[in-house]
Amino acid sequence: MAMLVCLGIGMFIPNVGLSHMIKKRQSKVRGGVPDALDLLVVCTESGLGFNAALRRVADELMISHPDFADELDTVCAKIKAGVDMSDAFADLVERTGVTEITGLVNMLAHASRIGGSIAQTLREYTEDFRDKRNQEVEEIAAKIPTKMIFPLLVFIWPCFFIVAIGPAMLTITSSFGN
């Protein structure tokens, strides 16, 4: 029986730990995407080429978002080695598992294919991404009152009634007692 328990622990605990670590890293990478997009917009509009801007953003994000900066360094190295930009970004999406970057990859690939302005493409995607993020936050905020009903009814309302009605009840019971 002990051997079966040890076997079960050895088979499932590493998977649980690994999935927890994956989710944690994905949330760190996801947290660095908005800052990276804003920096990319600023760098490309200031006259840097996309590869130089990507390298600069990776260097700047090393302090605040080191996980995403490492991924951007890998993308820069692949592009420098001759891998197509869209393939390098597709590999980034596959490596990180962050699907929010997929839209960026598609837009950049399309802009490079048709010869459009990468700075304008980045600006539009950043605005769309910011709107999407604000909608997600508003959705979470809209759920808060529903989640607060149970603690409110169980913990706060009884205390309120004790404080509000308690002295009056004590006065009434003492007057009926006399």
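Definitions and limits used
Residues numbered from 1 in each chain as written. Predicted model: local features only at pLDDT ≥ 70, side-chain atom pairs only at ≥ 80, totals over all residues. Heavy atoms only, no water. pLDDT = per-residue confidence, 0-100. Helix = DSSP H or I, 4+ residues; strand = E, 2+ residues; numbered from the N terminus. Core = buried A, V, L, I, M, F, W, Y, C linked by side-chain atoms within 4.5 Å. Buried < 20%, exposed > 50% of the residue type's maximum accessible area, 1.4 Å probe, protein only. Expected span 1.5 Å × (residues − 1). Contact = heavy atoms within 4.5 Å. Axes fitted to C-alpha atoms, helices over the stretch in contact; angles between N-to-C directions. Parallel < 35°, antiparallel > 145°, perpendicular 65-115°, else oblique. Nonpolar A, V, L, I, M, F, W, Y, C, P; charged D, E, K, R; others polar.

## What about the confidence of the model for the chain?
Per-residue confidence for the chain gives a mean pLDDT of 88; residues scoring 70 or more make up 99%. Per-element confidence in the chain ranges from a low mean pLDDT of 81 for helix α5 (residues 101-114) to a high of 92 for helix α3 (residues 66-81).

## A short note on the nonpolar core
Formed by 32 residues in total, the largest nonpolar core has its most connected members in Phe-50, Leu-54, Phe-68, Leu-72, Phe-89, Ile-101 and Leu-122. Those elements that place two or more of their residues in this core are α1 (2-45), α2 (50-64), α3, α4 (85-96), α5 and α6 (118-177). Here this core gets seven residues from one element, more than from any other, and that element is α1.

## A closer look at α3
Given a rise of 1.5 Å per residue, 16 residues ought to cover 22 Å, and the 22 Å separating the end C-alpha atoms of α3 matches this to within 8%. If you check which residues of α3 are buried, you get Phe-68, Ala-69, Glu-71, Leu-72, Asp-73, Val-75, Cys-76 and Ile-79. Buried-residue contacts for α3 involve α1, α2, α4 and α5. One or two steps after α3, the chain reaches Gly-82, where phi turns positive at roughly 110°.

## A closer look at the packing of α1 against α3
In helix packing, the relevant descriptors are the interaxial angle and the interaxial distance, both defined with respect to the helix axes. Where α1 contacts α3, the two axes come as close as 7 Å, and the packing angle between them is 75°. In terms of orientation, α1 and α3 fall into the roughly perpendicular class. Here α1 contributes Arg-25, Lys-28, Val-29, Gly-32, Val-33 and Ala-36 to the contact with α3, which in turn contributes Asp-67, Phe-68, Glu-71 and Leu-72. For the contact of α1 with α3, the per-class residue count stands at five nonpolar, one polar and four charged.

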